[in-house]
Each structure stands twice: as C-alpha cells, then as structure tokens.
Amino acid sequence: MDNLLKAPTDEIIMIFNDEMNNMINQLMHIAKYIKMEPEESVMITNSKNKLTNALTVNRILCIEMYAKFLLNDDFSDFFDNIKSRNYTYFYSLLDRKELDKEFTDLVILVETISHKVDDETKDSIFGYMENLSLLATIYAQKMLTKN
C-alpha cells in the first residue's frame, strides 16, 4: 500500500488500466461458460466494448470515471461494501438513479456475470473491484493534493 501511495500518478494509471483489462478479460472468459440469455450476452458484450474502447482512446478516462464515482457522496460506502463483499449492495446499484451513466457499463458487466457463478469465483471478481477501488482512491488523493 505504501508503495502505491508513493508511486507516480502515471504508474497508478497504468496499474489501474492493467487491472481493469485483466478483470474484463476474466469476466468475458467466465461468460463463455455460464448460461445467459441472448440479451444478456449482447448487454455484456456492449459494456465490455465501451470499457475497452475507453481504455484505448484515453488512458485516464476509466480511472477518472471510477474516482469520480467514489468521490460522489451518494456512494461513499461503495468501497467498504466491496471490501466486505456485500453483494446485495452492489447488485442494487443499477436501481439507483444517482449512478453515473459512465459507471453503469462496469456495473452491468460485473453484475450480470457474477450473479451466475459460485462463491469462490464471485469473491475473485469482487477482488478485482476492490483493487480497482483502491487504485482509483489513491489516484483521487493524488489529484486532490495536486490542486
């Protein structure tokens, strides 16, 4: 943790993007082996494409979106709920009108796939979310202290 806090912002962005890509790849790999309705397959493919395009087009876009989400007072308990693996909290996010449209694709991807897997796999998926949350929090702290 201390190493991350001391790391340059560019390194935090690179680690975040790698972690996001790894998570997306793992989710899509898992999706091949679970039973989904055709519309769910289309939905997760669209969400995956939007996220990977965002990572490709602008390397800071996803981490800024994630950090902005974490700084929103309406979701101040998100990170704690992810760390404690409160799946019910996460699965109810799509019902909240305060949820940013930009963050929705990530929630759709994780929710659709994690609903259909065993507890061990679900824990791994939320481990990725915990890592992404930590990296986005560190990024936000670095950005706030720059200003």
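Just above, that's the structure.
Residues numbered from 1 in each chain as written. Predicted model: local features only at pLDDT ≥ 70, side-chain atom pairs only at ≥ 80, totals over all residues. Heavy atoms only, no water.

**Concerning the environment of Tyr-128**
Okay, so step 1: Along the chain, Tyr-128 falls in helix 8 (residues 119-146).
Okay, so step 2: Separated by 105 residues in the primary sequence, Tyr-128 and Met-23 place their C-alpha atoms 6.2 Å from one another.
Okay, so step 3: Each residue touching Tyr-128, except ones within four places of it in the same chain, is listed here: Glu-19, Asn-22, Met-23 and Gln-26. (Helix = DSSP H or I, 4+ residues; strand = E, 2+ residues; numbered from the N terminus. Contact = heavy atoms within 4.5 Å.)

**Section: the nonpolar core**
Across soluble globular proteins, nonpolar side chains have a tendency to be buried as a group.
Okay, so step 1: In terms of nonpolar packing, the biggest core is built from 49 residues, with Tyr-66, Phe-78 and Phe-90 touching the most fellow members.
Okay, so step 2: Elements supplying a minimum of two residues to this core: helix 2 (9-31), helix 3 (38-57), helix 4 (61-71), helix 5 (78-83), helix 6 (87-91), helix 7 (101-114) and helix 8.
Okay, so step 3: It is helix 2 that contributes the most residues to this core, 10 residues altogether.
Okay, so step 4: With residues near it in sequence (within four places) discarded, Tyr-66 still touches Phe-16, Phe-78, Phe-103, Leu-106, Met-129, Leu-132, Ser-133 and Ala-136. (Core = buried A, V, L, I, M, F, W, Y, C linked by side-chain atoms within 4.5 Å. Buried < 20%, exposed > 50% of the residue type's maximum accessible area, 1.4 Å probe, protein only.)

**Remarks on the environment of Glu-64**
Okay, so step 1: Here Glu-64 is to be found in helix 4.
Okay, so step 2: Separated by 79 residues in sequence, Glu-64 and Met-143 have C-alpha atoms that sit 9.8 Å apart.

**Description of the packing of helix 4 against helix 7**
Okay, so step 1: Following both chains from N to C, one finds helix 4 and helix 7 inclined at 100 degrees, their axes separated by 9 Å at the closest point. As far as their axial angle goes, helix 7 and helix 4 are roughly perpendicular. Contacts between helix 4 and helix 7 involve Met-65, Tyr-66 and Phe-69 on the former and, on the latter, Glu-102, Phe-103 and Leu-106.
Okay, so step 2: Each residue belonging to the contact of helix 4 with helix 7 can be placed in one class, and the counts come to 5 nonpolar, no polar and 1 charged. (Axes fitted to C-alpha atoms, helices over the stretch in contact; angles between N-to-C directions. Parallel < 35°, antiparallel > 145°, perpendicular 65-115°, else oblique. Nonpolar A, V, L, I, M, F, W, Y, C, P; charged D, E, K, R; others polar.)

**Some thoughts on the pattern of salt bridges**
Okay, so step 1: Tallying each qualifying case throughout the model produces 8 salt bridges.
Okay, so step 2: Across the pair Lys-68 and Asp-100 runs a salt bridge whose closest N-O atoms are separated by 3.6 Å. Here Asp-100 lies in the loop between helix 6 and helix 7 and Lys-68 lies in helix 4, a separation of 32 residues in the sequence.
Okay, so step 3: Its relative accessible area of 18% is what places Asp-100 among the buried residues. (Salt bridge = Lys/Arg side-chain N within 4 Å of Asp/Glu carboxyl O.)

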